[in-house]
Amino acid sequence: MNNSLQDGPGVMGAETHQPPAELNSSHAELVDLNIIVKEGLAAFEKELGQLKAIVRHDVLPLIKGSSEKMSHLFSNIISSIVRYPPLLTKLIIYFRCQK
């Protein structure tokens, strides 16, 4: 009996360690995460103000990818924070990057 979970490395293409195809395509671009975060925060400025949120972020890197997808990602993160804030503690949002 062949159990694919016991096949070791290479199951489901794991042996390639290749980035997603979109990063190798002409659609990839340099994305400034500082701009993406600022735009995302601006879209929720009223809600964050009502929650008296403290928002900080380090200098974030330029990455190769899709600005549209990164905008969507950060918008979803901020939206979830606004929708489900902590009940008993101060809301502090801190975006940072670790190498």
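The structure under discussion appears in the preceding block.
So, here is what we can say about the structure in this document. (Residues numbered from 1 in each chain as written. Predicted model: local features only at pLDDT ≥ 70, side-chain atom pairs only at ≥ 80, totals over all residues. Heavy atoms only, no water.)

One can describe the packing of helix 2 (residues 33-43) onto helix 4 (residues 67-83) by two numbers: an axis separation of 9 Å at closest approach and a directional angle of 45 degrees. One way to sum up the angle between helix 2 and helix 4 is to call them oblique. Here helix 2 runs over helix 4; the crossing is right-handed. Residue-level inspection shows Leu33, Ile36, Val37, Glu39, Gly40 and Leu41 of helix 2 in contact with helix 4, the latter providing Ser67, Met70, Ser71, Phe74 and Ile78. Grouping the constituent residues of the contact of helix 2 with helix 4 by class yields seven nonpolar, three polar and one charged. (Axes fitted to C-alpha atoms, helices over the stretch in contact; angles between N-to-C directions. Helix = DSSP H or I, 4+ residues; strand = E, 2+ residues; numbered from the N terminus. Parallel < 35°, antiparallel > 145°, perpendicular 65-115°, else oblique. Left-handed = near helix turned anticlockwise from the far one by under 90°. Contact = heavy atoms within 4.5 Å. Nonpolar A, V, L, I, M, F, W, Y, C, P; charged D, E, K, R; others polar.)

A separate point is the packing of aromatic side chains. Across all of its chains, the model carries one aromatic pair by this definition. When the centroid spacing of 5.3 Å and the interplanar angle of 65 degrees are considered together, the rings of phenylalanine 74 and phenylalanine 95 count as edge-to-face. In this pair, phenylalanine 74 sits in helix 4 while phenylalanine 95 sits in strand 4 (residues 92-95), placing the two residues 21 residues apart along the sequence. Across this residue pair, the class does not change: phenylalanine 74 and phenylalanine 95 are buried. (Phe/Tyr/Trp six-rings, centres within 6.5 Å; stacked < 30°, edge-to-face > 60°. Buried < 20%, exposed > 50% of the residue type's maximum accessible area, 1.4 Å probe, protein only.)

Here we come to the environment of histidine 57. Considering the arrangement of structural elements, one finds histidine 57 in strand 2 (residues 54-57). You can call histidine 57 partly exposed: its relative accessible area is 28%. Sequence separation between histidine 57 and tyrosine 94 is 37 residues, and the spatial gap between their C-alpha atoms is 5.2 Å. Look past the residues within four positions of histidine 57 in its chain and what remains in contact with it is Asn34, Val37, Lys38, Tyr94 and Phe95.

All right, on to the nonpolar core then. Counting 15 residues, the largest nonpolar core has Leu48, Phe74, Ile78 and Phe95 as its most contacted members. Mapped onto this core, the elements with two or more residues apiece are helix 2, helix 4 and strand 4. Discounting chain neighbours no more than four positions away, the residues touching phenylalanine 95 are Val37, Leu41, Arg56, His57, Asp58, Leu60, Phe74, Ile77 and Ile78. (Core = buried A, V, L, I, M, F, W, Y, C linked by side-chain atoms within 4.5 Å.)

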